[in-house]
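Architecture at a glance
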Amino acid sequence: MLSDPFKSHFLFLILSFSLCVSQTLALNSVPEPDASALTYLWPLPSEFTSGNRTLSVDPDLSLAVAGIGGNSAIVRAAFDRYRAIIFKHTSGISIFSRFTGRSSVYDITKLKIIVNSDNEELQLGVDESYTLFVSKNDGKSIIGEATIEANTVYGALRALETFSQLCSFDYGTKSVQVYKAPWCIRDKPRFAFRGLLLDTSRHYFPIYVIKQIIESMSYAKLNVFHWHIIDEESFPLEVPAYPKLWKGSYTKWERYTVEDAYEIVNFAKVRGINVMAEIDIPGHAESWGTGYPDLWPSTSCREPLDVTKNFTFDVISGILTDMRKIFPFELFHLGGDEVNTDCWSSTPHVKQWLQDRNMTAKDAYKYFVLKAQEIAISKNWTPVNWEETFNTFAENLNPRTVVHNWLGAGVCPKAVAKGFKCIFSNQGFWYLDHLDVPWNEVYTAEPLEGINDTSKQELVLGGEVCMWGETADTSDVQQTIWPRAAAAAERMWSRRDAISTGNIALTALPRLQYFRCLLNRRGVQAAPVTNKYARRPPTGAGSCYEQ
């Protein structure tokens with residue numbers, strides 16, 4: 001027997017779902033809109049309909065929660081964050097109105113958030129779908145004023161971002177308005193893995209900058225922060241099991257404590273973002289030997305790490321044991337790229353070790369990668385490796401391996417054909433340090449290119465844009481990431497048929513320019529969209545919306 005409150009909620013869901021379906025069917029028959037009719041949402045939702053009304057939003061917008069997960073601290077904190085964003089321009093106006101005794105009647109006074117599960121575990125493939133209804137409450141509408149429904153808190157987070165983008169400050173009325181209402185949005189991501197890599201080895205980024213980047217990722221609905229913490233240049237992370245490792249940092253002021261790493265992971269989680277850590281072995285690890293010189297094959301051969309010593313793998317195991325306490329995400333990146341084994345062959349004790357085992361240097365490379373994979377798997381991680389490992393010895397990789405493409409096209413089709421999962425990061429399009437790649441080439445790069453079999457397409461987890469740090473630090477990192485990362489973000493979130501057809505200069509560019517300006521308003525130093533080279537300042541006077 002259903003209780004009366006549950007009956008009301010159930011009736012609401014059925015009626016709102018029916019309305020959304022009927023509107024969506026109408027949407028499917030509508031031809032592609034022209035630029036004047038664009039919906040300025042980024043990334044584009046899976047399915048949506050809109051009207052022609054303008055609704056005002058109460059600056060004292062209140063939150064109502066329902067469902068077994070609605071009263072989540074994650075949801076409440078997100079509502080407060082987004083309310084501050086939406087009404088940033090109106091706080092003084094609201095205070096002035098109260099002081100002068102002016103009063104207004106608003107169309108939207110309440111946002112209701114329904115979350116159907118109280119499970120807040122964040123892992124790959126967590127349900128990020130949601131529905132969002134925005135309609136004037138005229139006493140007759142069953143939908144109400146503004147309602148979000150999601151199966152998880154993370155779907156609710158994505159819906160809040162969409163709702164915030166629907167809200168615009170109107171300078172004439174000095175109020176927040178929702179245009180083109182009523183809105184009916186049913187949305188979900190196309191790919192489970194939508195990542196951004198940040199390299200903190202080539203240049204150190206303070207914690208507050210990393211948080212700013214993670215926050216900005218949530219605006220574009222990216223959901224994996226790939227933390228390339230360590231490389232040959234520096235080892236900034238504290239490892240309690242081997243405390244001398246971070247002697248490899250640039251200075252004692254450019255380090256991350258265990259507590260810092262915890263803070264970053266927790267900050268990301270409440271924004272629906274997983275943190276995938278990486279140690280790039282064996283070829284990008286010279287900095288390890290600053291604290292432990294025995295990890296070097298010799299003083300003249302400082303990388304790859306010494307493959308002959310048990311100590312090398314003891315250190316790797318110690319690092320992974322300590323990092324497992326910090327990083328709950330199921331994927332862990334073990335690198336494996338750009339391994340030049342020449343000095344192994346010329347270092348006497350390594351050369352002898354190879355001869356004793358009838359191994360070549362290439363065999364030793366395979367041995368190292370597979371042993372590191374075994375260690376990661378023993379700690380309940382799924383290993384991710386750069387594509388060189390697949391290109392060199394695919395038949396020997398652990399079947400659980402996720403192949404991370406970067407060198408060029410055609411790798412994901414080959415990987416999924418052999419049953420491996422794949423992440424797309426083709427450097428020709430999605431390496432953000434390549435400043436000569438324009439937004440439209442980022443936008444049109446397709447993770448499923450060359451994969452037509454549906455069952456194989458499902459093995460492509462998604463993609464990732466990579467912010468390598470040789471020429472980026474705190475002074476220029478955000479304008480190097482944005483807005484081009486947003487172009488890839490829509491490719492990974494929105495339906496392929498919604499973003500791959502038509503004239504993108506008319507259908508995508510105005511929306512991306514609008515999103516870039518939205519980022520600027522939120523304090524993100526996103527560069528102009530149409531620069532010949534990324535992160536360049538404007539070439540002259542003009543509107544943010546036309547650059």
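Right above here is the structure, for reference.
The structure contained in this document is the topic of the report that follows. In this text the structure is predicted, and so the values were computed from the model without any measurement.

As for the sheet that holds strand β5 (residues 146–150)
With mixed pairing, the eight strands of this open sheet are ordered in space as β1-β8-β4-β5-β3-β2-β7-β6. Two strands bound the open sheet, and with one partner strand each, they are β1 (47–49) and β6 (167–170). Mean inter-strand twist for the sheet, computed between neighbouring axes without regard to direction, equals 30 degrees. Relative to strand β8 (residues 183–187), β1 runs antiparallel, the two sharing three bridges. Directly across from F48, in β8, lies its bridge partner I185. Strands in contact with helix α2 (residues 73–86) are β2 (53–66), β3 (108–115), β6 and β7 (175–181); relative to β2, the strand with the most contacts, it is inclined by about 155 degrees.

Some remarks on the state of the cysteines
Applying the stated criterion to the full structure yields three disulfides. Disulfide pairing places C301 opposite C343 at an S-S distance of 1.9 Å. Across the S-S bond linking C301 and C343, the dihedral sits near 50 degrees, which makes this disulfide right-handed. Note that C301 is positioned in the loop between α7 (288–291) and α8 (310–324) and C343 in helix α9 (residues 342–346), a separation of 42 residues in sequence. Classification of C343 by relative accessible area gives buried; the value is 17%.

Let's talk about the environment of A527
Assignment of secondary structure puts A527 in the segment after α21 (509–521). Under the relative-accessibility criterion, A527 is labelled buried at 4%. Once the C-alpha coordinates of A527 and P537 are considered, the two residues, ten residues apart in sequence, prove to be 6.6 Å apart. Setting aside residues no more than four positions away along its own chain, A527 makes contact with Q479, W482, P483, R516, R535 and R536.

Considering the pattern of salt bridges
Where charged atoms from two side chains of opposite charge come close, those side chains can pair. The full count for this structure, using the stated rule, is 20 salt bridges. The closest approach of N and O atoms between R202 and D199, which form a salt bridge, is 2.9 Å. Within the structure, one salt-bridge network assembled from shared partners comprises D199, R202, D231, E233 and E470.

Quick word on the side chain of T152
Here T152 shows up in the loop between β5 and α4 (153–166). Within the structure, the side chain of T152 is placed 2.5 Å from the backbone oxygen of D127, a separation counted as a polar contact. Those residues within four positions of T152 in sequence are excluded, and the remaining contacts are V115, V126 and D127.

Concerning the environment of E47
As for its position among the elements, E47 is in strand β1. For E47, a relative accessible area of 27% puts it in the partly exposed group. Separated by 140 residues in the primary sequence, E47 and D187 have C-alpha atoms spaced 6.1 Å apart.

As for the packing of aromatic side chains
Scanning the model with the defined rule gives 25 aromatic pairs in all. Look at W227 and Y256: their rings are 5.3 Å apart centre to centre, the planes differ by 80 degrees, and that puts the pair in the edge-to-face class. Placement of the pair is W227 in strand β10 (residues 224–230) and Y256 in the loop between β10 and α6 (258–269), with a sequence separation of 29 residues. Exposure class is identical for W227 and Y256. Each is buried. Between the aromatic rings of Y431 and W468, the centroid separation amounts to 6.0 Å while the plane-to-plane angle is 50 degrees, which identifies the pairing as tilted. In this pair, Y431 sits in the loop between α14 (427–430) and α15 (439–444) while W468 sits in the loop between β16 (460–467) and α17 (477–481), placing the two residues 37 residues apart along the sequence. Take Y431: its relative accessible area is 5%, and that puts it in the buried class. In this structure W468 comes out as buried when scored by relative accessible area, which is 10%. Here the aromatic cluster, defined as three or more aromatic residues joined through ring pairs, consists of Y204, F225, W227, Y256 and F327. If you follow R255 out to its NZ or CZ, it ends over the ring of W246, 4.7 Å from the centre.

Definitions and limits used
Residues numbered from 1 in each chain as written. Predicted model: local features only at pLDDT ≥ 70, side-chain atom pairs only at ≥ 80, totals over all residues. Heavy atoms only, no water. Pairing = 2+ DSSP bridges. Helix = DSSP H or I, 4+ residues; strand = E, 2+ residues; numbered from the N terminus. Axes fitted to C-alpha atoms, helices over the stretch in contact; angles between N-to-C directions. Contact = heavy atoms within 4.5 Å. Disulfide = S-S within 2.5 Å. Buried < 20%, exposed > 50% of the residue type's maximum accessible area, 1.4 Å probe, protein only. Salt bridge = Lys/Arg side-chain N within 4 Å of Asp/Glu carboxyl O. Polar contact = N/O pair within 3.5 Å; in protein donor to acceptor, adjacent residues only side chain to side chain. Phe/Tyr/Trp six-rings, centres within 6.5 Å; stacked < 30°, edge-to-face > 60°. Lys NZ or Arg CZ within 6 Å of the ring centre and 35° of its normal.

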